[in-house]
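What the coordinates show
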Amino acid sequence: MTRAIVLASGKGGTGKTSVTAGVGCALAKLGYRCLMIDADTGMQSLDMALGVCADAAFNFADVVRGDIPLTDAAVPVETCPAAFVLAAPMDMACVQEHTLRILVHNVREMDLYDYILIDAPAGIGKGFQMATYAADSALIVATADPICLRSAEKCGQELASLGIKQMRLIVNRVRMDLIRRGFPNLDDAIDSVGITLIGYVPEDKAVMYCGASGTSVLTRPRRRASRAFLNIAKRITGQNVPLMKHGRS
Ligand SMILES: Nc1ncnc2c1ncn2[C@@H]1O[C@H](COP(=O)(O)OP(=O)(O)OP(=O)(O)O)[C@@H](O)[C@H]1O
Ligand SMILES: [Mg+2]
């Protein structure tokens with residue numbers, strides 16, 4: 001059964017798109033068929049982050065309308081052949097509350113993918129709701145600062161109110177130099193959110209460089225962020241990969 005997971009945050013710029021790209025390609029590397037859907041209508045970025053802009057001529061609204069088959073609209077990531085990207089439309093007017101839910105239902109019937117990752121827009125507005133209605137679980141992406149963690153907590157409450165029962169926290173952009181000096185106290189910070197942690201992703205400039213050049217960071221397996229994404233992907237699939245202490249992934 002295809003699992004649909006929404007990546008949300010509440011606050012903007014926490015790394016949802018980067019984490020979707022990283023975890024999606026990591027799942028593909030582990031041998032799972034993974035579709036990453038950009039739900040950030042009007043502000044899409046997943047296509048750029050994974051270097052598929054030129055090939056992503058169609059979007060999820062075209063597929064739901066029945067204009068284009070999914071197999072034509074979903075674009076394979078060159079460096080991760082089992083990972084596919086489905087772009088977002090430019091115009092909010094062509095999406096409704098249940099557009100993505102319909103899409104995910106249809107994709108499940110086709111049994112083309114093991115995982116669907118949905119990259120939600122920032123905030124808890126219409127696009128977030130559309131992305132959430134399509135998912136059966138959530139990953140909340142936050143950085144370790146208290147303001148961001150508070151918005152992650154709020155995001156978790158919104159997800160629960162929209163019917164999501166299973167959610168996990170990813171703490172992104174962890175800076176070991178600060179953690180070693182006790183800022184922030186990660187355990188306390190995570191406890192304050194009240195959502196079980198599934199992994200840390202370190203601050204790693206390869207995430208930025210790879211995103212800017214449209215290359216999957218998984219092409220650089222020695223980077224700490226790549227290892228973190230692989231560990232999170234393994235935990236998603238049920239492998240027992242213990243969490244390291246103090247922000248190590
Ligand atoms: N672990 C990381 N290490 C270094 N840079 C990162 C990391 N994660 C994300 N970034 C950088 O942070 C910026 C924002 O990331 P991203 O676009 O993934 O966030 P977002 O949550 O999707 O933003 P939005 O809310 O606007 O959709 C990007 O420049 C990205 O390269
Ligand atoms: Mg984004």
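Right, let's walk through the structure included here. (Residues numbered from 1 in each chain as written. Chains lettered and ligands numbered in written order. Predicted model: local features only at pLDDT ≥ 70, side-chain atom pairs only at ≥ 80, totals over all residues.)

What the protein chain contains, in helices and strands, is 11 helices and 8 strands. Relative to the globule expectation of 18 Å for 249 residues, the C-alpha radius of gyration of the protein chain, 17 Å, shows essentially globular dimensions. Summarising its shape, the C-alpha atoms of the protein chain cover approximately 55 × 40 × 30 Å along the three principal directions. Out of the 249 residues in the protein chain, the part that is buried amounts to 51%. Residue pairs at least 24 apart in sequence account for 78% of intrachain contacts in the protein chain once pairs closer than 6 positions are excluded. (Helix = DSSP H or I, 4+ residues; strand = E, 2+ residues; numbered from the N terminus. Rg over C-alpha atoms; globule rule 2.2 N^0.38 Å. Buried ≥ 20, exposed ≤ 12 C-beta atoms within 10 Å, placed from the backbone. Contact = placed C-beta atoms within 7 Å.)

Moving on, we get to helix α11 (residues 224-236). Taking 1.5 Å of rise per residue, the 13 residues of α11 would be expected to cover 18 Å, and the 18 Å separating its terminal C-alpha atoms lies within 8% of that figure. Those residues of α11 not exposed but buried are A225, S226, A228, F229, L230, N231, I232, A233 and I236. Close packing links the buried residues of α11 with α1 (16-29), β7 (166-174), β8 (197-202) and α10 (205-213). (Expected span 1.5 Å × (residues − 1).)

Before going further, it helps to spend a moment on the site of ligand 1. Surrounding ligand 1, one finds 20 residues, the nearest of these being G12, G15, T17, S18 and A122. Counting only elements with at least two residues in the shell around ligand 1, the list comes to α1, β7 and α10. Partitioning the shell around ligand 1 into residue classes produces 5 nonpolar, 10 polar and 5 charged. (Near = placed C-beta within 6 Å. Nonpolar A, V, L, I, M, F, W, Y, C, P; charged D, E, K, R; others polar.)

It is worth spelling out unusual backbone geometry at this point. Here D111, not a glycine, exhibits a phi torsion of approximately 50°, which is positive. Turning to its location among the elements, D111 is positioned in the loop between α5 (99-110) and β5 (115-119). Residue classification places D111 among the exposed positions, given that 10 C-beta atoms sit within 10 Å. A positive phi angle is found at R173, which is not glycine, with a value near 60°. The topology assignment puts R173 in strand β7. Given 21 C-beta atoms within a 10 Å radius, R173 is considered buried.

The subject of this paragraph is the packing of α1 against α11. Two elements in contact, α1 and α11, have axes whose closest approach is 8 Å; the angle formed by their N-to-C orientations is 65°. On the basis of the axis angle, α1 is roughly perpendicular to α11. Like other packed secondary-structure pairs, α1 and α11 cross with a definite hand, here right-handed. Contacts between α1 and α11 pair G22, V23, A26, L27 and K29 from the former with A225, F229, L230, I232 and A233 from the latter. Looking at the contact of α1 with α11 residue by residue, the classes come out as 8 nonpolar, 1 polar and 1 charged. (Axes fitted to C-alpha atoms, helices over the stretch in contact; angles between N-to-C directions. Parallel < 35°, antiparallel > 145°, perpendicular 65-115°, else oblique. Left-handed = near helix turned anticlockwise from the far one by under 90°.)

For the pair helix α7 (residues 146-161) and helix α9 (residues 186-193), the least separation of the axes is 8 Å and the interaxial angle reads 30°. Compared by their axis directions, α7 and α9 come out roughly parallel. The way α7 lies across α9 gives a crossing that is right-handed. Of the residues in α9, those touching α7 at P146, L149, A152 and E153 are A189, S192 and V193. Grouping the constituent residues of the contact of α7 with α9 by class yields 5 nonpolar, 1 polar and 1 charged.

Bear in mind that shape data such as this cannot, by itself, settle questions of function.
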